[in-house]
Amino acid sequence: MRRRIFIAINLPEDVKKRLVDYQSKWPELPIRWTKKENLHITLVFLGYLNDEELLEICKITEEVASRNQSFSINLNKIYYGPPKKMPPRMVWVEGEKSQEFTKLQIDLEKSLMTSEEVHFSSEKRVFSPHITLGRIKAWEFRQIEPEERLEVSEEISLVFPVNSVGVMESELKRGGPEYTILESCSLKP
């Protein structure tokens, strides 16, 4: 059986709650908001893996986590994403990119690419920490006159510590995806 796997930073409960509160600011938006329990920052998306590949991913994630320092992320802006995409695909929360975040993300990608058990190729785009707050219903969004489209641009400041990374499973269900933490790997204190 193949499972849909990604590696992510999970958010503390209080941060999730604060982010969900922002969703109510734009009730007219044609959007499917992300459920509170699904808010996270993806580090690497791996796609469908079998059990052997999954075991290897857990081992690699554990090794990478043990080499990397805990750090903090400051979530500082909510806006349409990805940048310059029209119509936008989502409303997302952007975090400040730190050296620790970048080092962790690069270390994970390099370790995955050198593994013989896992077939992984890195994405070529510049990576910055972000959280999908909701997915725009593109067809409905296009029906709104451009000058009547809501402006989504909110400066925020939510800082939280990152002490672990999780190997996650995404099950696609009728009511939206459901995420499960398969393994949580601690970063160096």
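Calculation rules
- Residues numbered from 1 in each chain as written.
- Predicted model: local features only at pLDDT ≥ 70, side-chain atom pairs only at ≥ 80, totals over all residues.
- Heavy atoms only, no water.
- Core = buried A, V, L, I, M, F, W, Y, C linked by side-chain atoms within 4.5 Å.
- Buried < 20%, exposed > 50% of the residue type's maximum accessible area, 1.4 Å probe, protein only.
- Helix = DSSP H or I, 4+ residues; strand = E, 2+ residues; numbered from the N terminus.
- Contact = heavy atoms within 4.5 Å.
- Pairing = 2+ DSSP bridges.

**A word on the nonpolar core**
It is characteristic of soluble globular proteins that their nonpolar side chains tend to be buried jointly. Counting 49 residues, the largest nonpolar core has Ile9, Leu19 and Leu75 as its most contacted members. Among the elements that make up this core, the one with the highest residue count is helix α2 (residues 51-67) (six residues). Excluding its chain neighbours within four sequence positions, the residues that come into contact with leucine 19 are Leu11, Leu39, Leu75, Val93, Ile131, Leu133, Ile156 and Leu158.

**Describing the pairing of strand β4 (residues 71-81)**
Consecutive residues of a regular strand have side chains that alternate between opposite faces of the sheet. Judged by how many residues are buried, β4 sits mostly within the fold: nine of 11 residues are covered. Across eight bridges, β4 lies against strand β7 (residues 153-162) in antiparallel orientation. In the strand pairing of β7, tyrosine 79 is matched with serine 153. The pairing of β4 with strand β5 (residues 90-95) spans six bridges and is classified as antiparallel. If you follow glycine 81 over to β5, its bridge partner there is methionine 90.

**Points about unusual backbone geometry**
Here the amide bond leading from glycine 81 into proline 82 is cis, since omega sits at -15 degrees, within 30 degrees of zero. When you line up the elements, proline 82 lands in the loop between β4 and β5.

**Some remarks on the pairing of strand β8 (residues 164-173)**
Alignment of strand β1 (residues 3-10) against β8, held across four bridges, turns out to be antiparallel. Residue phenylalanine 6 lies in a different strand from β8, and its bridge partner there is methionine 168. Bridge count for β8 against strand β9 (residues 176-186) is 10 bridges, and the pairing is antiparallel. Across the sheet, valine 167 pairs through a bridge with glutamate 183, a residue of β9. What sits between β8 and β9 in their antiparallel hairpin is a turn of two residues.

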